[in-house]
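# Per-entry structural report
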Amino acid sequence: LVGESAGGQLAAMVALGEDPATRVKAVVALYAPTDLAAIAGSSKQVPQWIRDNLKGTPFEGIILARLKELSPIEHVRRDMPPFLLIHGTADTLVPFEQSRAMCDRMKSAGASCELYPVEGAGHGVRWWESSPAFSKGYKREIMHWLKERLS
């Protein structure tokens, strides 16, 4: 499975499911949010007044619990398929740390993960393609990695 941003989060969640009908051999996730609770707590996309109004209410716990259920980082296990995480180091929408933390958690669990940083790049291959500095390596890395995993 291959997905970008929210599509990468969805691809990861499918791959981490326990249903044998949805078994996959490998996942390539580009700048995917892997810890939704962490993003909700720090993203500028969530207005502070919302956080302030939820703080200490029963809704805060309910929302955070659901965000954790939807976060790939919370479902890491040893027998999961290998992941290639590709992420711009200057991403302000989904911080690069999301992919680093996911890969670290996978390695700690004994799963296979590689992280390919796109130095200085922000969020989205649409923008990466406009700069030869960003567009050169990531596609080559995807093809090489998939050939190794799927051959």
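Now for a description of the structure that goes with this document. (Residues numbered from 1 in each chain as written. Predicted model: local features only at pLDDT ≥ 70, side-chain atom pairs only at ≥ 80, totals over all residues. Heavy atoms only, no water.)

## Here we look at the state of the cysteines
Between two cysteines, a covalent bond joining their sulfur atoms is known as a disulfide. Within the structure shown, the criterion is met by one disulfide. For Cys103, the disulfide goes to Cys113, at an S-S distance of 2.3 Å. Here the S-S torsion is close to -125°, and the disulfide linking Cys103 with Cys113 is therefore left-handed. Pair noted here: Cys103 is in helix H5 (residues 96-109) and Cys113 is in strand S4 (residues 113-118), with a separation of ten residues, a long-range link. Cys113 shares its class with Cys103; the two are buried. (Disulfide = S-S within 2.5 Å. Helix = DSSP H or I, 4+ residues; strand = E, 2+ residues; numbered from the N terminus. Buried < 20%, exposed > 50% of the residue type's maximum accessible area, 1.4 Å probe, protein only.)

## Here's the deal with the sheet that holds strand S2 (residues 27-30)
The sheet built from four strands is open, its strands ordered S1-S2-S3-S4 with parallel pairing. At either margin of the open sheet sits one strand with a lone partner, and together these are strand S1 (2-4) and S4. On average, each strand axis in the sheet is inclined to that of its neighbour by 15°, with strand direction left out of account. The pairing of strand S3 (residues 83-88) with S4 spans six bridges and is classified as parallel. By the bridge assignment for S4, His87 is matched with Pro117. (Pairing = 2+ DSSP bridges. Axes fitted to C-alpha atoms, helices over the stretch in contact; angles between N-to-C directions.)

## Observations concerning the side chain of Arg51
Structurally, the position occupied by Arg51 is in helix H3 (residues 48-54). No salt bridge is formed by the buried Arg51. Its closest oppositely charged neighbour is Asp52, at 7.1 Å. At a separation of 2.8 Å, a polar atom in the side chain of Arg51 contacts the main-chain carbonyl oxygen of Ala40. A distance of 3.0 Å separates the side chain of Arg51 from the side chain of Gln48, its partner in a polar contact. (Lys, Arg positive; Asp, Glu negative; His and termini not counted. Salt bridge = Lys/Arg side-chain N within 4 Å of Asp/Glu carboxyl O. Polar contact = N/O pair within 3.5 Å; in protein donor to acceptor, adjacent residues only side chain to side chain.)

## A word on the pattern of salt bridges
Per the stated rule, a full pass over the model turns up six salt bridges. Residue Arg77 is joined to Asp79 by a salt bridge in which the shortest nitrogen-to-oxygen separation is 2.6 Å. A salt bridge links Glu114 to Arg149; its shortest N-O distance comes to 2.5 Å. With Glu114 in strand S4 and Arg149 in helix H7 (residues 132-150), this pair connects stretches of sequence that are 35 residues apart. One salt-bridge network, in which partners are shared between bridges, spans Glu114, Glu148 and Arg149.

## A closer look at the packing of aromatic side chains
Counting across every chain of the model gives two aromatic pairs. A ring pair is formed by Tyr31 and Trp128, whose centres lie 5.4 Å apart and whose planes are at 75°; its orientation type is edge-to-face. In this pair, Tyr31 is assigned in the loop between S2 and helix H2 (36-42) and Trp128 in helix H6 (residues 125-128), connecting sequence segments 97 residues apart. With 5.0 Å between their ring centres and 80° between their planes, Trp128 and Tyr138 make a pair best called edge-to-face. Of this pair, Trp128 sits in helix H6 while Tyr138 sits in helix H7; the two residues are ten residues apart in sequence, bridging distant segments of the chain. Of the two residues, Trp128 and Tyr138, neither departs from the other in class, the shared state being buried. One aromatic cluster in this structure is built from Tyr31, Trp128 and Tyr138. (Phe/Tyr/Trp six-rings, centres within 6.5 Å; stacked < 30°, edge-to-face > 60°.)

Geometric descriptors of this kind do not, in isolation, establish any biological role.
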